[in-house]
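Examining the three-dimensional arrangement
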Number of protein chains: 2
Amino acid sequence: VSETQTATKLNSADSALRARAQRVIPGGLWGHQNAAHLPDGYPQYFTRAEGCHLIDVDGRQFVDFMCSWGPVILGHRHPAVEQAVREQTSRGDCMNGPAPVLVELAELIVDMVPHADWCIFGKNGTDATTTCITVARAETGRRKVLTATGAYHGAVPWCSPSVAGVTAEDRAHLLHYTFNDIASLEAAVEQAGHDLAAIVVSAFRHDMGKAQELPTPEFARRMRALCDETGAALVLDDVRAGFRLDLGGSWEPLGVRPDLSAWSKAIANGHALAAVTGRERFRQAATTVFTTGSFWCGSVPMAAAVATLTELRRIDGPAHMARMGQRLRDGLAERALHHGLRIDQSGPVQMPTVLFVDDPEWKRGFAFCAEALRHGAYLHPKHNMFLSCAHTEADVDAALEAADAGFRHVAR
Amino acid sequence: VSETQTATKLNSADSALRARAQRVIPGGLWGHQNAAHLPDGYPQYFTRAEGCHLIDVDGRQFVDFMCSWGPVILGHRHPAVEQAVREQTSRGDCMNGPAPVLVELAELIVDMVPHADWCIFGKNGTDATTTCITVARAETGRRKVLTATGAYHGAVPWCSPSVAGVTAEDRAHLLHYTFNDIASLEAAVEQAGHDLAAIVVSAFRHDMGKAQELPTPEFARRMRALCDETGAALVLDDVRAGFRLDLGGSWEPLGVRPDLSAWSKAIANGHALAAVTGRERFRQAATTVFTTGSFWCGSVPMAAAVATLTELRRIDGPAHMARMGQRLRDGLAERALHHGLRIDQSGPVQMPTVLFVDDPEWKRGFAFCAEALRHGAYLHPKHNMFLSCAHTEADVDAALEAADAGFRHVAR
């Protein structure tokens, strides 16, 4: 990756595919992976992935720091995961009920996650967050749900960042607090009164385009206390952060345990799976809520999850990602300083956000990332990134060389 | 399967797994595949699947007529699908964007489905139905959605068959009509007035535990006319029936085309995928709705879908399933008559429901199915079943022998 890669924007395989897609897919692609939101030169289509390396349809190779926006935690095509997938595939995937691996996976998670007395599986992070609030409402018999202003909890009408097609009633029982602001949390709890079913909180504040913010211990403890006082469920949305910070749940280091947690993304190293974990108190309610899907008993993603979580435990995945993330953060800080640039690095090092100071429209961020991309590092200008267990010191160092080119470009 | 299989209920591998699951999964299993809803003797856990045959954890083998409740349409572990899966897996699955197979799949569906000018992919049938109504609301700027009383459109608060954890507001803008009842449809349209965003309809009426009912051409045409008059979207929920009746959509034989369709289940022969297809008019709205998920750009299920749909087209899958389904229906009718039993067979032959006449609590249905199961046929006493392209005449005949034992048992 030391040679500059040429972004052959016109007449490239990528632009040809985008033109074809434009005809048959609204806007070319739905959702968060639409490359139209990224700087020019970013590929939309990929042909190959291995470890922390991606190859796009024009043959350009990148050290990747998005990991498919989270799911890839051990690295693409990890041998232990793919071996488990092949074995389960040779037996059966989607049958008239689960394979025994369901029980193995549920037992593994209940063993690994201290607050978890039980779990339910699904396919999307949104399945998990929606199930959490539905179970909380079923158990409490109440309706109000608190979320932090600006927090992302999924892509359906009750929580979507877009209000297109959303009715007022879809959000009738949502109230908001400000992350890390105890007074605002108390005010929202007060406002919900006797109708408070749940407080939903992300592992940390990771609003797109903004510096990330870890929860203060006081804030987390106050939230727990308010839930205990009111009988509301503390719902930890660990969809994005889950398994990168702590295998027992992202709030374990704070010593604050949720009542219900939503998990997805990294749980099966890219295979489609989500989970809800919960405390005993919510078990009965979870049987009354009807939550299901055509592929939710599919056993191959469950086999992938058992292999992924077992491997993460074996190698202490979070510690590895923390080391590599710290190396990236230190290297970026040093190089930015060298070029006289002020950057703001925030969030846990395993899930870093890198912003330029005084860059409200991310112009410098876009220029930096586009140039780093040309030098072989796939970074994101405004969303948090993701380390994986496949990142080595050499990979981080290669990315730092690419980032150096990006900083040099911005400094000019 | 001519020998009677012994259901070793106690001390079986199945009951051991159920006991373990009971500890870590609320109620033992969530949703529709919970075997607690089935007659005694039905297995919950499976170890192997091949074609239309299932093997449970106690080694019992069945000719299967549930096909994982729909997804398995070519048969388990179909060579063409699994070959496509292996090839795509060897390149990459869940990357920072899709693989080229996304475009191939979208083009294939737009080519195959006459009303489809575009498509969007997801993971669950519920993703697809929810996206349809959100897109319809976004395009029309209206809120009311009509569904048939008792129809199943998914497992989230706006449409779940359970109201546990559901608030009144989740369904504030739903109005209902009776399937095949034009007057009730007109009344609901009138009630919605200028706020009518969409009429949602299943391919046919397939309410659990009841005889199925095909739409009358008059009903379908009237629905189309009402949508045209009011500007509302006709949303066909083809999640369950899609690709079994007609590869262009289940209402093609009626000559009535929807504005939006929801698809899932059989689209990728058991791999997790869903789709929304739509007409040009709704394309722009589909770009404003935020619908996405962590695994929605995963390329392996897309490769499975291309292989599945290509194979279904090549072999005329719906015609094969119709022949096998007719053979099953004729054989069941003949044998029931022979035993002096009155049964009610309903719905398209590819998706049959078999009920006993005057059996409101499905007691005879349960006894019949339990005995047929002991003789090697996995039938369902109250839900529609599914044929697949893997069913041969010999498989159907073997199932008819098992059914004969079931009828004999009920007749005694």
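What comes next concerns the included structure.

What counts, and where the lines are drawn
- Residues numbered from 1 in each chain as written.
- Chains lettered and ligands numbered in written order.
- Predicted model: local features only at pLDDT ≥ 70, side-chain atom pairs only at ≥ 80, totals over all residues.
- Heavy atoms only, no water.
- Pairing = 2+ DSSP bridges.
- Helix = DSSP H or I, 4+ residues; strand = E, 2+ residues; numbered from the N terminus.
- Axes fitted to C-alpha atoms, helices over the stretch in contact; angles between N-to-C directions.
- Contact = heavy atoms within 4.5 Å.
- Phe/Tyr/Trp six-rings, centres within 6.5 Å; stacked < 30°, edge-to-face > 60°.
- Buried < 20%, exposed > 50% of the residue type's maximum accessible area, 1.4 Å probe, protein only.
- Lys NZ or Arg CZ within 6 Å of the ring centre and 35° of its normal.
- Salt bridge = Lys/Arg side-chain N within 4 Å of Asp/Glu carboxyl O.
- Buried area = accessible area lost by both parts, 1.4 Å probe.
- Polar contact = N/O pair within 3.5 Å; in protein donor to acceptor, adjacent residues only side chain to side chain.
- Nonpolar A, V, L, I, M, F, W, Y, C, P; charged D, E, K, R; others polar.
- Least-squares fit on C-alpha atoms with pLDDT ≥ 70 in both.

Once that is clear, we can look at the sheet that holds strand β8 (residues 233–237) of chain B. All names here are of chain B. Reading across from one edge, β4-β10-β9-β8-β7-β5-β6 is the order of the seven strands in this open sheet, with mixed pairing throughout. Every interior strand has two partners, whereas the edge strands, β4 (118–122) and β6 (174–177), have only one. Taken over all neighbouring pairs, the strand axes of this sheet differ in orientation by 20° on average, direction set aside. With four bridges joining them, strand β5 (residues 144–148) and β6 adopt parallel strand pairing. Pairing of valine 145 across the sheet is with leucine 174, part of β6. Each of β4 and β10 (274–278) touches helix α3 (residues 101–112); the most contacted strand, β4, lies at about 125° to it.

What follows is about the packing of aromatic side chains. Following the criterion strictly, the structure yields 22 aromatic pairs over all chains and no others. Centre to centre, the rings of Tyr42(B) and Tyr378(B) are 5.0 Å apart; their planes meet at 80°, and the pair counts as edge-to-face. With a gap of 336 residues between them, Tyr42(B) in the loop between α1 (13–24) and β1 (46–50) and Tyr378(B) in strand β13 (residues 377–378) connect regions that are remote in the sequence. Taken individually, Tyr42(B) and Tyr378(B) each receive the classification buried, so the pair is uniform in this respect. Connected via pairs of aromatic rings, a cluster forms that spans Tyr42(A), Phe46(A), Phe62(A) and Tyr378(A). Its guanidinium or amino end placed over the ring of Trp362(A), Lys382(A) lies 4.0 Å from that ring's centre, counting from NZ or CZ.

Glancing now at the pattern of salt bridges. Residue and element names in this part refer to chain A. By the definition in use, this model includes 50 salt bridges over all chains. Residue arginine 281 pairs with glutamate 139 through a salt bridge whose shortest N-O separation is 3.5 Å. Residue arginine 281 is found in the loop between β10 (274–278) and α7 (283–288), and its partner glutamate 139 is found in helix α4 (residues 125–140); the two are separated by 142 residues along the sequence. Judged by relative accessible area, which is 28%, glutamate 139 ranks as partly exposed. Measuring nitrogen to oxygen at the nearest pair gives 2.9 Å for the salt bridge that ties aspartate 228 to arginine 224.

All names here are of chain A. Burial of strand β2 (residues 53–56) is one-sided: the residues Leu54 and Asp56 facing one way are buried, the residues His53 and Ile55 facing the other way are not. For strand β1 (residues 46–50) and β2, the ladder comprises four bridges, and the chain directions are antiparallel. Opposite glutamate 50, over in β2, you have histidine 53 as the bridge partner. Hairpin connection, β1 to β2: the antiparallel pair is bridged by two residues, and glycine 51 has positive phi, about 60°.

This brings us to the environment of Ile109(A). All names here are of chain A. With respect to the secondary-structure elements, isoleucine 109 resides in helix α3 (residues 101–112). Relative accessible area serves as the criterion here: at 2%, isoleucine 109 is assigned to the buried category. Measuring from C-alpha to C-alpha, the distance between isoleucine 109 and tyrosine 45 comes to 34 Å, with 64 residues separating the pair along the chain. Setting aside chain neighbours within four positions, we find isoleucine 109 in contact with Ala116, Cys119, Phe121, Ile267, Thr277 and Leu309.

Moving on, we get to unusual backbone geometry. Here the phi dihedral of Ser68(A) falls at roughly 60°; this positive angle occurs in a residue that is not glycine. Of note, Ser68(A) is situated in the loop between β3 (61–64) and α2 (79–91).

This part covers the interface of chain A and chain B. Taken together, the contacts link 98 residues of chain A with 98 residues of chain B. In total, about 8,200 Å² of surface goes out of reach between chain A and chain B, with carbon and sulfur atoms giving 59% of it. A per-residue breakdown of the area chain A buries against chain B is headed by Trp30(A), Asn96(A) and Phe290(A), which together make up 11% of the total. Between Arg20(A) and Glu107(B) there is a salt bridge whose closest N-O contact spans 2.7 Å. Scanning the region where chain A abuts chain B turns up 38 residue pairs in polar contact (both at pLDDT 80 or more). Those elements giving two or more residues to the side of chain A that touches chain B turn out to be α1 (13–24), β1, α2, α3, β4 (118–122), α4 and α7 of chain A. Looking at side-chain class alone, the side of chain A that touches chain B contains 48 nonpolar, 31 polar and 19 charged residues.

Attention now moves to the relation of the copies chain A and chain B. Between the two copies, chain A and chain B, the superposition gives an RMSD of 0.0 Å; the rotation angle is 180° and the shift along the axis is 0.0 Å. The superposition operator between the copies reduces to a two-fold rotation axis. Closest approach to the rotation axis among the C-alpha atoms of chain A is made by Glu169(A), whose C-alpha sits 2.6 Å away. When you check the interface residues of chain A against chain B, 100% turn up at the interface there too, and the contact is symmetric in its surfaces.

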